[in-house]
Amino acid sequence: MSAERYEIIIGCEIHCQLLTKTKAFCGCENRYGGMPNTRVCPVCLGLPGAMPRVSRGYVELGAVAGLALNCEIARFTKFDRKHYFYPDLVKGYQVTQYDLPLCYDGYVDLFREDGTTHRVRLERIHLEEDVGKSLHLEGAYSYIDFNRSGTSLIEIVTRPDITSPDDAALLLQTLQEILRYVNVTDGNLEEGSMRCDANVNLKIWEKGTEYRTPISEIKNLNSFRAIREACTYEAQRQLREFDEKRQLYVSGFKRTMGWDEAKKETVIQRTKEAFIDYRILTEPDMKPFSVSEELIEHARSLVGELPQPKRERLKREYGLSDFDVQTLTSSRQLALWFEEAAALAKEPKRAANWILAEVLAVLNDRGITIDELGLSPAHIAGLVNAVSNGVITGKQAKDVFALMLKTGKTAETIIEEEHIAQVADTGAIEAMIRDILAENPQAVEDYMKGKSNALGWLMGQVMKKSKGQANPSIAAELLKRELLK
Ligand code: ZN
Ligand code: MN
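Predicted, not measured: the structure shown is a model, and the values here were computed from it.

1. Comments concerning the overall build of the protein
At step 1: A count of helical and extended segments in the protein gives 15 helices and 17 strands.
At step 2: A compact globule built from 485 residues should have a C-alpha radius of gyration of about 23 Å, whereas the protein, at 31 Å, is more than 25% larger.
At step 3: Projected onto the principal axes, the alpha-carbon positions of the protein cover approximately 100 × 60 × 50 Å.
At step 4: Taking all 485 residues of the protein together, 47% fall into the buried category.
At step 5: In the protein, once contacts between residues fewer than 6 apart in sequence are set aside, the share between residues at least 24 apart is 68%.

2. Considerations on the packing of aromatic side chains
At step 1: A full pass over the atoms with the stated rule returns 8 aromatic pairs.
At step 2: On the basis of an interplanar angle of 75 degrees and a centroid distance of 5.1 Å, the ring pair of Tyr-318 and Phe-338 is categorised as edge-to-face. Here the residue Tyr-318 occupies a position in helix H5 (residues 307-318), and Phe-338 occupies one in helix H7 (residues 332-344), the gap between them amounting to 20 residues.
At step 3: Under the relative-accessibility criterion, Phe-338 is labelled buried at 0%.

3. Digging into the coordination of the zinc ion (ligand 1)
At step 1: The zinc ion (ligand 1) binds to the protein through Cys-26 (SG), Cys-28 (SG), Cys-41 (SG) and Cys-44 (SG); the donor distances cover 2.3 to 2.4 Å.
At step 2: Geometry at the zinc ion (ligand 1) is tetrahedral, judged from its 4 donor atoms and the angles of 100 to 114 degrees they form at the metal.
At step 3: Look at Cys-41 and you get buried, because its relative accessible area is 17%.

4. Some thoughts on the pattern of salt bridges
At step 1: Going through the model one piece at a time under the given rule, you end up with 45 salt bridges.
At step 2: Residue Arg-225 is joined to Glu-229 by a salt bridge in which the shortest nitrogen-to-oxygen separation is 3.4 Å. Highlighted residues: Arg-225 and Glu-229, both in helix H3 (residues 224-245), separated by 4 residues, approximately one helical turn.
At step 3: Overall, the relative accessible area of 49% leaves Arg-225 in the partly exposed class.
At step 4: Between Lys-264 and Glu-261 there is a salt bridge, with the nearest N and O atoms lying 2.8 Å from each other.
At step 5: Taking relative accessible area as the criterion, Glu-261 reaches 37% and is therefore assigned partly exposed.
At step 6: By sharing partners, the salt bridges in this structure join Glu-305, Lys-310, Arg-313, Glu-317 and Glu-339 into a single network.

5. Considering empty space enclosed by the protein
At step 1: In this structure the tally under the stated criterion is 2 cavities of 30 Å³ or more.
At step 2: Space inside the largest cavity adds up to approximately 60 Å³.
At step 3: Along its surface, the largest cavity is lined by 13 residues, and Leu-89, Lys-91, Glu-129, Asp-130 and Ser-149 are the ones closest to its centre.
At step 4: Looking at the lining of the largest cavity residue by residue, the classes come out as 5 nonpolar, 4 polar and 4 charged.

6. Overview of helix H12 (residues 426-439)
At step 1: For H12, spanning 14 residues, the distance from its first C-alpha to its last is 20 Å, which sits close to the expected 20 Å at 1.5 Å a residue.
At step 2: All of the buried residues in H12 are Ile-429, Glu-430, Met-432, Ile-433, Ile-436 and Leu-437. The buried side chains of H12 occupy one side of the element, clustering within an arc of 165 degrees when seen end-on. Turned more than 90 degrees off the buried face of H12, the exposed positions are Ala-438 and Glu-439.
At step 3: In this fold, the buried residues of H12 make contact with helix H13 (441-448), helix H14 (453-465) and helix H15 (472-484).

Rules behind the numbers
- Residues numbered from 1 in each chain as written.
- Chains lettered and ligands numbered in written order.
- Predicted model: local features only at pLDDT ≥ 70, side-chain atom pairs only at ≥ 80, totals over all residues.
- Heavy atoms only, no water.
- Helix = DSSP H or I, 4+ residues; strand = E, 2+ residues; numbered from the N terminus.
- Rg over C-alpha atoms; globule rule 2.2 N^0.38 Å.
- Buried < 20%, exposed > 50% of the residue type's maximum accessible area, 1.4 Å probe, protein only.
- Contact = heavy atoms within 4.5 Å.
- Phe/Tyr/Trp six-rings, centres within 6.5 Å; stacked < 30°, edge-to-face > 60°.
- Donors = N, O, S within 2.8 Å, 3.2 Å for Na, K, Ca; no water.
- Tetrahedral: all angles 85-135°; square planar, octahedral: opposite > 155°, others 65-115°.
- Salt bridge = Lys/Arg side-chain N within 4 Å of Asp/Glu carboxyl O.
- 1 Å grid on protein atoms, 1.4 Å probe; cavity = no way out; pocket = protein on both sides within 12 Å on 5 of 7 lines; lining within 4 Å.
- Points joined across faces, edges and corners; volume = space filled by probe spheres on them.
- Nonpolar A, V, L, I, M, F, W, Y, C, P; charged D, E, K, R; others polar.
- Expected span 1.5 Å × (residues − 1).
- Arc of directions from axis to C-beta.

What follows is the structure, given as structure tokens:
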């Protein structure tokens, strides 16, 4: 029994722009932005007589999303028209999927920071087209840009399984990560490639009775922070409303809310007393269709390894920490890059450390992705192998890496051309040590008296004199031997 007097219930609907080459039902290019109304045709402008067509790529990418999110894929499906009026909805209806969604009965697991996990069931993922965009530019005038009209979307509908604002934000984050991993969407929240609506209400216990507050649907939350703050605010608002007005749940009653980012408040946009009649009908211009096993299998092959299983495998195979694995798998490209380097490295752990420390520093510094670095995983493997094989020291590796970044040459080439090599020649190191001992009688005396830090200091002098090129373990060995003479 919870000590709290109430519990939050949240369900989400997430719209996601797909990375299809063309729009959903025509050949127009599917791309963000550009000069208004330059990527349009009779189909996505809804001109009379224009005939839409289902593209295989669209259905396939929808199936990839469904498979990545543990859904069943329908073998038979169709599109429907949903009618409503809005200036940017050029046809007067949206093509969507009503009673036969492409994907259904999925789930996504949330991995919370405290180490616990929570499963959120997905009711469905359906395909639908996006609408145009209204631009309110100069006072009295509004413009409409139809470049987005008819672009390919999926809508992911969860069950009301989310029990805190933090989990709602984590859900969006997890979906973004997974869908980016499988190249379904760029997941860009600021550009609206992912938009989240949250349905929020409360279960309240009072004197042994359980009450429910009416559901509020908060529209268009476009950051992790916005979803967390809006759900938190709305829960408190409903609690106040319950205490003051005893507002209780009535079937069919639902409020549509907006989130005022500046005021940090939810605002009521409209109240639905009953369900709106969208006059839904089967899209007559596109026949219901079968989804072939072949298409589903191909979609399955595009899913690949998902972030969480990948993290667990990397931890196991390379003995990396949670934090390191989290960083290395932050994008699919980086994870693949690391694995390629690790496969070529004599000591994969050393390759991991190099990428985590040196390579990521460069990426952050330059604000680029791993694909833009201009080096291959083989470059890093060659570099760390030179250290593993005792050809160069760790310090020299940093110099080689800097030259590598500048020239794009391999470690092997740089080491050869620049004559970089650690000095493992015992004769040369012995000579250096004898000089240092002669020049620093005080340090030698300190060492004889048992001052242990004197040895470290002398070792530092050896490395300095050799310009970091002496093999450290050989040098330490020889230094001790010389001191005992
Ligand atoms: Zn078009
Ligand atoms: Mn929708």
